[in-house]
Amino acid sequence: MKKVWQKPTLEVLNI
Amino acid sequence: MSEPTISSKHLIVRGKENIVSDMGGEKVMLSVRNGRYYNLGEIGGKIWDNIEAPVSVDQVVDKLVSEYDVAQIKCKEEVVSFLELLLEEGLIHIEEVNP
């Protein structure tokens, strides 16, 4: 069973 | 939309000046170079794990497609976009694959 794909994102944290 | 910088003829190479930690299944990173913190999320973290040694985009995509329910073309498009962001932030660099 393959895992659910989500678009990869890069979040720049606010610190 | 501009043409991507990263293509199949490039090797993806991790920057060395990053401290990485797993937090609740997501990958959080500190760039020692610019002092910024990043959250790569779950899939981004998986991509980061897969570029531990220099690899091509196609190798990264092949690995992800075998594990996740996603079409090859869509996966490659989204992985390249993500890697472009890492490149802009100086978290990775790219090298030409030897012909």
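The residue numbering used here restarts from 1 in each chain and proceeds along that chain's sequence as written. All chains are assigned letters beginning with A, and all ligands numbers beginning with 1, in the order in which they are written. Two thresholds apply to this predicted model, a pLDDT of at least 70 for residue-level local features and 80 or more for giving and counting side-chain atom pairs, whereas whole-chain, interface and lining totals are computed over all residues. In computing side-chain values, all of the structure's heavy atoms are included and hydrogens and water are not.

### Concerning the confidence of the model for chain B
Any segment with low pLDDT has predicted coordinates that should not be analysed in fine detail.
Item 1. Per-residue confidence from the prediction method is given by pLDDT, with values spanning 0 to 100. Residues of chain B with pLDDT of at least 70 account for 95%, and the chain-wide mean is 88.
Item 2. Helix numbering and strand numbering both begin at the N terminus, where a helix is a DSSP run of H or I of at least 4 residues and a strand a DSSP run of E of at least 2. The secondary-structure element of chain B with the lowest mean pLDDT is strand S2 (residues 18–23) of chain B, recorded at 82, while strand S6 (residues 68–69) of chain B shows the highest, at 96.

### Considering the packing of helix H2 (residues 57–67) of chain B against helix H3 (residues 72–88) of chain B
Residue and element names in this part refer to chain B.
Item 1. Only the stretch in contact is used when a helix axis is fitted, and all axes are lines through C-alpha atoms; the angle between N-to-C directions ranges over 0 to 180 degrees. Their axes nearest at 10 Å, the elements H2 and H3 cross at an angle of 125 degrees. Judged by the angle between their axes, H2 and H3 are oblique. Crossing handedness for the pair H2 and H3: right-handed. Across the interface between the two elements, Val57, Asp58, Val60, Val61, Asp62, Leu64 and Val65 from H2 touch Gln72, Cys75, Lys76, Val79, Val80 and Leu83 from H3. Convention used here: angles under 35 degrees read as roughly parallel, angles over 145 as roughly antiparallel, angles from 65 to 115 as roughly perpendicular, and any remaining angle as oblique. Crossing handedness is read from the near helix: turned anticlockwise from the far helix by less than a right angle, it gives a left-handed crossing, and turned clockwise, a right-handed one. Contact between two residues is taken to exist if any of their heavy atoms lie within 4.5 Å; hydrogens are not considered.

### Description of the interface of chain A and chain B
Item 1. Chain A puts 13 residues into the contact, and the matching count from chain B is 26 residues.
Item 2. Buried area counts how much accessible surface, traced with a 1.4 Å probe, disappears from two parts once they are put together, with both parts' losses summed. Of the roughly 1700 Å² buried between chain A and chain B on both sides combined, carbon and sulfur atoms contribute 66%.
Item 3. Broken down residue by residue, the surface that chain A buries against chain B is led by A:Lys3, A:Trp5 and A:Leu10, which jointly contribute 43%.
Item 4. In this structure, A:Lys3 and B:Glu67 form a salt bridge, with 3.1 Å as the shortest nitrogen-oxygen distance.
Item 5. Counting of polar contacts relies on pairs of N or O atoms within 3.5 Å, with two restrictions inside protein: one atom must be capable of donating a hydrogen and the other of accepting it, and residues adjacent in sequence are counted only when both atoms are side-chain atoms. Run the count over chain A and chain B and you get five residue pairs in polar contact (both at pLDDT 80 or more).
Item 6. The set of elements that each furnish at least two residues to the side of chain A that touches chain B consists of strand S1 (3–4) and strand S2 (11–12) of chain A.
Item 7. Only Asp, Glu, Lys and Arg are considered charged in this grouping, and only Ala, Val, Leu, Ile, Met, Phe, Trp, Tyr, Cys and Pro are considered nonpolar; every other residue, Gly among them, is considered polar. A class-by-class count of the residues in the side of chain A that touches chain B yields seven nonpolar, two polar and four charged.
Item 8. In this scheme, strands are said to pair when DSSP sees at least two bridges between them. As paired elements, S2(A) and strand S4 (residues 37–40) of chain B share two bridges and run antiparallel to each other. Across the sheet, the residue bridging to A:Val12 is B:Tyr38, located in S4(B). Salt bridges, as used here, are contacts in which a Lys or Arg side-chain nitrogen is within 4 Å of a carboxyl oxygen on Asp or Glu.

### Topic: H2(B)
All names here are of chain B.
Item 1. Of the residues making up H2, those classed as buried are Val57, Val60, Val61, Leu64 and Val65. Buried residues along H2 cover an arc of 130 degrees about the axis, so they all sit on one side.
Item 2. Along its buried surface, H2 packs onto strand S1 (10–14), helix H1 (41–50), strand S5 (55–56), S6 and H3. Only protein chains enter the accessibility calculation, which uses a 1.4 Å probe; a residue is then buried when its area is under 20% of its type maximum, exposed when over 50%, and partly exposed in between. The directions from the helix axis to the C-beta atoms are what the arc is built from.

### Some points on the sheet that holds S2(A)
Item 1. Ordered by their spatial adjacency, four strands build an open sheet running S2(A)-S4(B)-S3(B)-S2(B), and the pairing between neighbours is antiparallel. Only two strands of the sheet have a single partner each, and these edge strands are S2 of chain A together with S2 of chain B.
Item 2. Sheet contacts for H1(B): S2, strand S3 (26–31) and S4 of chain B; angle to S3(B), the most-contacted strand, approximately 65 degrees.

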